[in-house]
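# Tertiary structure, described
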Amino acid sequence: MTDVFRLWGFDGELKGNEERLQARLPMFTRNGLDQVFLARKLDWSPDLPESDVLRMTVHEAEEAGERLEVRWGTPPQVVPGQYVVVTGRTFGHRLRRLGITWHGTGVQDGFSVRLMPAVRFDICALLIESSARNQFDGAIGNGEVNAMAREALSVMQNVGVDNVRPQLVRALGLHFLAGETDQFVRVLRLGARSLQEDSARLKQEMHEYLQFVQASPAVEPEPRIDDVFVPAMVKFDVEKASLPHAKRGKIIYGPGGFKRHSYLSEKGFGFSISNLEVTRINSKKLTNWIVSKEQAES
Amino acid sequence: MSVAIAAPDRPWIFGIRPRNVIGAEWQAIVQSILQRVFRTAPTGARTAEAEAALGLGSCIYFYVFQTSARFGSVVFLWRENPSRPWSSGDGAAAPFDTGGIWHDRVVTDPPLAKAERKSFVQTHSRPIDRWLTEFVSWIDTNYDETADYLANRPPRVGVPGIVYDSRNADGGWTWEARVRKASWNEQISIRHVFWSREDRTDFETWLIHRSTLDAKAAEDLIDLIQTVTIETPRHEQASVEVARYLMRIAAND
């Protein structure tokens, strides 16, 4: 038994493999076992079946990776209910573009790591989507069809919130203001088909939306990442975050009725992390490992 | 068991691996499947090796009246188009995983030499235009109830040489239909797509905003989706719901 947390990041060679690797993000080491758990699903959470994770041994991981130096001032203590999140180079930059602040402890080569309270993924998705929507509305309200607005729209579309209509209306507004006629016509036609309603109604809704945001630019403060928590940035098309955490047993219900997990050590209290290691894994080697694992399974 | 069973009630199953395990945009693959564009679909290296060694040609593979968690993220059920009957050269069906024979995933006793595997697969393959009759006959011969096949129980008789014990998994006795990519056209159509609301929403969002498909074709796909979708619970693989669906059919036998 060991109290070592092993965190795995990726080295940025993800192009073309983002989705594949996202599905296998290392999620946690459990019970101090010297293994890495790789989630099979984007929205994996600890209460999903064991069959949804693969286990990579430390030996396999170290063959495929390189341990990174974490510039801890003081080694952290991970307490129950916390996630350990590792982010890549572009992640913080992308969040900052959306007005979301992100502070992590520096790891070499631009990676950062931080500890944060754990909440359910869908709560995070809603908050991220809300933040991106505010950012988008602010830009459009000021008549700015700029890269930030497009970025915010992209985040809204990728964050996985099952709320298609506001995204459609905003996408229409962006194409309309940008004079992107072909895209506007396409989104209007297909969006109306998808929602099973009249395209004229959708178009009217877009105009109402534009009138509203242009008359009252968004003043609602942006959620800050310090308050919002992002245990898994798995829906973002950016370098990936990994979120190892320890799981010990029981599930409790937190504010708002959503589940939280309490992480209890065998002593009945939180893990004391004596060492926190971050290893960068070569994405090609990891892909090869996943393929060989799948072949062995089949 | 009735041999009068209609093919639509013994559907073929084609599922994709968990969407995020796929190396390309999973939505692009779903789009190709919905459009039945398989001629240019890539073939994995191991599949290509088996196809070459076994003389199968380049094929698309389906489970016959069975599902699998390995290919269970988004699952497509297919039915035959009565107006476009099969030709015997369009493909074949076999009561085992043919690729598994080549790659030693299906165990035989005595073991088959590499040189023997092609003839073994040929001997036990049935022309695709007779798949239903052969499949129903197999079920009659090997099981008390169709549900036993669905429950992945090994057959009573099976195929001589294949071992039906713990050395083999269900690939040793699950029926596989293979259709030559070059022959693929209108012989079968999609009856249902099993997927979660999240997957469907993600796909439609991609289709609207990212796909390069022209608007009319995209519109047709949206219409098709609305017709054939069966939504599955969020945190459950689609294959689980498919298994329930097939079991309900089997219960009526």
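Described in the following lines is the structure provided in the data block.

This part takes up the packing of aromatic side chains. For the structure on display, the rule yields 17 aromatic pairs over all chains. Members of the aromatic cluster, connected to one another through ring pairs, are W12(B), F14(B), F62(B), F76(B), W78(B), W86(B) and W131(B).

Turning our eyes to something else, we now look at the pairing of strand β6 (residues 176-180) of chain B. Residue and element names in this part refer to chain B. Most of β6 is tucked away: four of the five residues are buried. Here five bridges tie strand β2 (residues 59-64) to β6, and the two strands are oriented antiparallel to one another. Counterpart to I60 in the pairing with β6 is V179. Of the pairings in the sheet, the one linking strand β4 (residues 91-94) to β6 comprises four bridges and is antiparallel in character. When the bridges of β6 are listed, A93 appears paired with A177.

Attention shifts here to helix α2 (residues 45-54) of chain B. Residues and elements named next belong to chain B. Listed in full, the buried residues belonging to α2 are A50, E51 and L54. Along the axis of α2, the buried positions cluster into a sector of 100°, meaning they face one direction only. Opposite the buried face of α2, at more than 90 degrees from it, the exposed residues are A45 and A52. Phi for G55, located one or two positions after α2, is positive at around 70°.

This paragraph deals with the packing of helix α7 (residues 181-195) of chain A against helix α8 (residues 215-228) of chain B. Packing of α7(A) against α8(B) brings their axes to within 9 Å, and their N-to-C directions diverge by 10°. Taken as axis vectors, α7(A) and α8(B) run roughly parallel relative to one another. You can see that α7(A) and α8(B) cross each other, and the crossing is right-handed. Facing R186(A), R189(A), L190(A), R193(A) and S194(A) of α7(A), the residues of α8(B) in contact are A215(B), K216(B), A218(B), E219(B), I222(B), D223(B) and Q226(B). Among the residues forming the contact of α7(A) with α8(B), the class breakdown is four nonpolar, two polar and six charged.

Time to look at the packing of helix α6 (residues 164-177) of chain A against helix α7 (residues 197-209) of chain B. In the contact formed by α6(A) and α7(B), the axes pass within 12 Å of each other and the chain directions differ by 10°. As summarised for this structure, α6(A) and α7(B) are arranged roughly parallel, according to the angle between their axes. Residues V164(A), Q167(A), L168(A) and A171(A) of α6(A) touch α7(B), and the partners they reach there are T201(B), T205(B), I208(B) and H209(B). Here the contact of α6(A) with α7(B) is composed, by residue class, of four nonpolar, four polar and no charged.

So, on to unusual backbone geometry. Residues and elements named next belong to chain B. Cis geometry is found at the peptide bond from D109 to P110, where omega equals 0°. Its location among the elements puts P110 in the loop between α3 (98-102) and α4 (114-123). In the Ramachandran plot, N152 falls in the positive-phi region, its phi being about 65° despite a non-glycine side chain. In this fold, N152 is placed in the loop between α6 (146-150) and β6. Under the relative-accessibility criterion, N152 is labelled partly exposed at 29%.

Two pairing modes exist for strands in a sheet, parallel and antiparallel, and in both the strands are linked by backbone hydrogen bonds. Residues and elements named next belong to chain B. Judged by pairing direction, the sheet is mixed, and its eight strands sit side by side in the order β5-β4-β6-β2-β1-β3-β7-β8 without closing on themselves. Strands at the two margins of the open sheet, each flanked by one partner only, are β5 (126-127) and β8 (229-232). Bridge count between strand β1 (residues 12-16) and strand β3 (residues 74-80): five bridges; the pairing is antiparallel. In the strand pairing of β3, G15 is matched with V75. Against the sheet, α7 touches β3, β7 (188-196) and β8, its axis set at about 115° to β7.

A few words now on the pattern of salt bridges. Residue and element names in this part refer to chain A. Under the definition given, this model contains 19 salt bridges over all chains. The salt bridge involving E205 is made with R201; its shortest N-O contact spans 3.9 Å. You can see E205 and its partner R201 sitting in helix α8 (residues 199-215), four residues apart, about one turn around the helix. Via salt bridges that share partners, R165, E197, R201 and E205 belong to a single interconnected network.

Think of an α-helix as turning once every 3.6 residues; residues three or four places apart then point the same way. Residues and elements named next belong to chain A. Its 14 residues place the ends of α6 20 Å apart at the C-alpha level, agreeing with the 20 Å of an ideal helix rising 1.5 Å per residue. Taken across its 14 residues, α6 has ten buried, putting it largely inside the fold. Among the residues trailing α6, G179 stands out with phi positive, at a value near 70°.

Conventions we followed
- Residues numbered from 1 in each chain as written.
- Chains lettered and ligands numbered in written order.
- Predicted model: local features only at pLDDT ≥ 70, side-chain atom pairs only at ≥ 80, totals over all residues.
- Heavy atoms only, no water.
- Phe/Tyr/Trp six-rings, centres within 6.5 Å; stacked < 30°, edge-to-face > 60°.
- Buried < 20%, exposed > 50% of the residue type's maximum accessible area, 1.4 Å probe, protein only.
- Helix = DSSP H or I, 4+ residues; strand = E, 2+ residues; numbered from the N terminus.
- Pairing = 2+ DSSP bridges.
- Arc of directions from axis to C-beta.
- Axes fitted to C-alpha atoms, helices over the stretch in contact; angles between N-to-C directions.
- Parallel < 35°, antiparallel > 145°, perpendicular 65-115°, else oblique.
- Left-handed = near helix turned anticlockwise from the far one by under 90°.
- Contact = heavy atoms within 4.5 Å.
- Nonpolar A, V, L, I, M, F, W, Y, C, P; charged D, E, K, R; others polar.
- Salt bridge = Lys/Arg side-chain N within 4 Å of Asp/Glu carboxyl O.
- Expected span 1.5 Å × (residues − 1).

Treat this as a map of the structure, not an account of what it does.
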